[in-house]
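Each chain, written out:
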Amino acid sequence: LTLLGDGKQATVDVVGAAGILCLFAIRHMRGKQVVAIFPWTNAAWATLLGYFVARTLLSDSVGYSISTTLRWIMAFVVFSLFSSISRVKKHDEEFARGFLWFSACTVLASWVVTFFEPLGRGLPGMNLLYPAYGHNHVANIIVFVFPVALYRLAERKDKISFLLVLFFGAALVFSFARGAW
């Protein structure tokens, strides 16, 4: 999904939704609960989604409203999936480690296609890795992972955590993205 580019958003939505549904199916097959823990959150989500459905029916741009409503439904499904996972410190650490690895690999791939231009020519114009049209969307990931790296440094105070903070800080600065500031 990282390389598909901006014009392939419908593909990203479909693949993302299928991935989320697969995670739900795996969780359900293991006999785990797949609903938000607090009933008031379910009520809040139902109200919000009801609003989006009503707005879709009354919209002058029905296609765009359907797309927006589907994205909010996917947000609800992701929220429900993650809020129903038991809050075990081991799971939090595994998720943070995976997010740090994914982000580091994405930043490194971005640097490779930026510095070795022939490698980036095959990518669509607007994609996550290559700065184009005044945007560098890899900063969207860095903005989310930087606090995770800072938290890891505060908790562990080791050399690797310090290097991660420096790495993501430098990546944020050298992305030259408006969204990074």
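Cut-offs applied
Residues numbered from 1 in each chain as written. Predicted model: local features only at pLDDT ≥ 70, side-chain atom pairs only at ≥ 80, totals over all residues. Heavy atoms only, no water. Axes fitted to C-alpha atoms, helices over the stretch in contact; angles between N-to-C directions. Helix = DSSP H or I, 4+ residues; strand = E, 2+ residues; numbered from the N terminus. Parallel < 35°, antiparallel > 145°, perpendicular 65-115°, else oblique. Contact = heavy atoms within 4.5 Å. Nonpolar A, V, L, I, M, F, W, Y, C, P; charged D, E, K, R; others polar. Buried < 20%, exposed > 50% of the residue type's maximum accessible area, 1.4 Å probe, protein only.

*Asks:* So what exactly am I meant to see when it comes to the packing of helix H2 (residues 39-57) against helix H3 (residues 62-83) here?
*Replies:* The relative placement of two packed helices comes down to the angle between their axes together with the axis-to-axis distance. Their axes nearest at 9 Å, the elements H2 and H3 cross at an angle of 170°. In terms of axis orientation, H2 runs roughly antiparallel to H3. Side by side, H2 and H3 meet where Thr41, Asn42, Trp45, Leu48, Leu49, Phe52, Val53, Arg55 and Thr56 of the first sit next to Val62, Ser65, Ile66, Thr68, Thr69, Trp72, Ile73, Ala75, Phe76 and Phe79 of the second. In terms of residue class, the contact of H2 with H3 is made up of 12 nonpolar, 6 polar and 1 charged.

*Asks:* Help me out: how do you make sense of unusual backbone geometry in this one?
*Replies:* Backbone geometry follows two general trends: most residues other than glycine have a negative phi, and most peptide bonds adopt the trans configuration. For Lys157, which is not a glycine, the phi torsion comes out positive at approximately 50°. Along the polypeptide, Lys157 turns up in the loop between helix H6 (138-156) and helix H7 (159-174). When its relative accessible area of 66% is taken as the criterion, Lys157 is described as exposed.

Keep in mind these values describe shape, not function.
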